Amino acid sequence: MMSNECTDDKGLVQVRRALISVSDKAGLVELASTLHSLSIQIISTGGTARVLRESDIPVVDVADITGFPEMLDGRVKTLHPRIHAGILARRRNPEHRRRLEELGISPIDLVIINLYPFEATVSEGTATLEDAIEQIDIGGPSLIRAAAKNFEDVAIVVDPTDYAIVGTELRQERGCLSRSRRLHFATKAFARVARYDALVTAYLERQCGEAKQSILPGSLDLHLVKVKQLRYGENPHQRAALYRDALSHEPSVAGARQLQGKELSFNNFLDLDAAFALAIAFDEPVAVVVKHTNPCGVGIGSRLSEAYRRAMAADPISAFGGVFGLNRPVDIETARELAATFMEAVIAPGYHEAALDILKDKKALRLLLIDPWPAAISPDYAAIELRPIANGLLVQERDQIDLDPGTLRVMTRRQPTDAETRALRFAWKVAKYVKSNAIVLSNEHATVGIGAGQMSRVDACRLAVRKAVSSTEGTVLASDAFFPFRDGVDAAAEAGVTAIIQPGGSIRDAEAIQAADEAGMAMVFTGIRHFRH
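Note that the structure is predicted; figures quoted are calculated from it, not measured.

1. Quick notes on the overall build of the chain
From N to C terminus, the chain includes 20 helices and 23 strands. Its C-alpha atoms give the chain a radius of gyration of 31 Å, clearly above 24 Å, the size a compact globule of 533 residues would have. Dimensions along the principal axes, computed over C-alpha positions, put the chain at roughly 100 × 50 × 45 Å. Counting over 533 residues, the chain shows a buried share of 47%. When contacts within the chain are restricted to residue pairs at least 6 apart in sequence, those whose partners lie at least 24 apart make up 57%. If you sum the accessible surface of the chain, you get close to 25600 Å²; carbon and sulfur atoms cover 51% of it. For the chain, the separation between the mean place of its 62 positive charges and that of its 68 negative charges on side chains is 4 Å.

What follows is the structure, given as structure tokens:
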């Protein structure tokens, strides 16, 4: 009963009986037809058996094997020794063979399973806890693990995209499957179950409120699903792909829909993510221009087109070929402005039909549509950032802290004016998204000059002044960290800066304050640092 007629140097195993139980019926009938044509007996359950019978494919019910009907609303079907013993028995073990023959149990050589759609159910964001619980598969993972453990004698298939491969090999090898194929499928099967269990765990943690408490747990499980293969990474010789968090419902670049344009690159995604993160930080209409993950121009206005013009005017040279982030749907006026500029990509929460008509002629321009975001995005367990290092991963909470007016301290003799206060808040908001060392010069409507990623703070100040297209006279300055020396403040004073916002905390704070007082500037301490390495 358990002989293996087709074993050879490929480690071929004859498939005589197959168990099929799938929630996703894609490709099912085609594969089952191949099995039937090769005289492979098919055992099945519930809806799977019904679909096969409707296609005139003979099926043996699991209940006919176990002697038990499906019960408890289908929760118990395949959890039976006559099924699991048929899968787990080692064909080359005489004792296993003898025991199966004594009990009248026939081996199962091929198991085709896909799990209840738990991920699809919870990813919609509308499922109740009861809905989610009912989509936690029990029998499926048990069958998968059993078949994968016994891959030397059994093939396990968990992915409908593999059905064609299985059918082809079975036909070519006269009803047999090779050891290399079985091992590959077993590895894939264990990965599928591990990911499934991790998704269930993460979902339940969120329900009981443990996710926020365990944002930096002893063991970190990532719940990522591959969205697409990219042409290459940062450089053409690097392979890359895009993944997304399977359980997050936040609007994100990873989940945005591309409406037109060339395929997005690895670097496009990085820049779009930076532009989107800064754009959603503003309540008023804002336009953000990003190059190499740094904002090079940010503007706000009463209308999106006004914000766009202000952002572009801040640094039109750097904006060439940049990525644009907008926090309002693109209207006709803004579309005309966009059409007059060379850029790589735009991300926005909507596009008017007339705006799309204007932009459609720019066929290379990538337009991304992102879901509108709530007034306050407060991600809980997912509020982490990951930074790879050699053989490890740095994990931290996102930098989500905002200014608290109650903790701001004016350190100079002069108080900032109302206009300066508005400009300081604007500049501080932008500085949070600029690579350290970061200096932002601005007025209350737009950036004027940005010094990003410098090794010394005074150099960042001087770079911000050099980058300014318009006059820096009367601007304000935001620094992402304290001034270690007064030289940065002196450079700001020379450029005509009238007010500074910075965290404070240097042992030389008194010198920086003195420099500001000598220049008649106002200086505000936040007590908050915004390094962005």
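2. Concerning the sheet that holds strand S13 (residues 322-326)
Strands sit in the order S10-S15-S14-S13-S11-S12 across an open sheet of six strands; the sheet is mixed. Of all the strands in the sheet, just strand S10 (257-260) and strand S12 (294-300) have a single pairing partner and so form its edges. Each strand axis lies, on average, 20 degrees off the axis of its neighbour in the sheet, ignoring direction. Inspection of the sheet shows strand S14 (residues 343-348) paired to strand S15 (residues 366-369) by four bridges, in the parallel sense. The partner of Ile347 across the bridge, within S15, is Leu368. In the packing of helix H13 (residues 304-314) onto the sheet, the strands contacted are strand S11 (286-291), S12, S13 and S14, and the crossing angle to S12 comes to about 140 degrees.

3. Section: the environment of Leu338
Position of Leu338 among the secondary structure elements: in helix H15 (residues 332-339). Along the backbone, Leu338 and Trp428 are 90 residues apart, and their C-alpha atoms lie at a distance of 27 Å. Apart from residues no more than four positions distant in its own chain, Leu338 is found in contact with Tyr308, Phe324, Leu326, Val330, Met343, Val346, Leu359 and Lys362.

Conventions adopted
Residues numbered from 1 in each chain as written. Predicted model: local features only at pLDDT ≥ 70, side-chain atom pairs only at ≥ 80, totals over all residues. Heavy atoms only, no water. Helix = DSSP H or I, 4+ residues; strand = E, 2+ residues; numbered from the N terminus. Rg over C-alpha atoms; globule rule 2.2 N^0.38 Å. Buried < 20%, exposed > 50% of the residue type's maximum accessible area, 1.4 Å probe, protein only. Contact = heavy atoms within 4.5 Å. Areas by Shrake-Rupley, 256 points an atom, 1.4 Å probe, with all protein chains shown as cover. Lys, Arg positive; Asp, Glu negative; His and termini not counted. Charge placed at Lys NZ, Arg CZ, Asp CG, Glu CD. Pairing = 2+ DSSP bridges. Axes fitted to C-alpha atoms, helices over the stretch in contact; angles between N-to-C directions.

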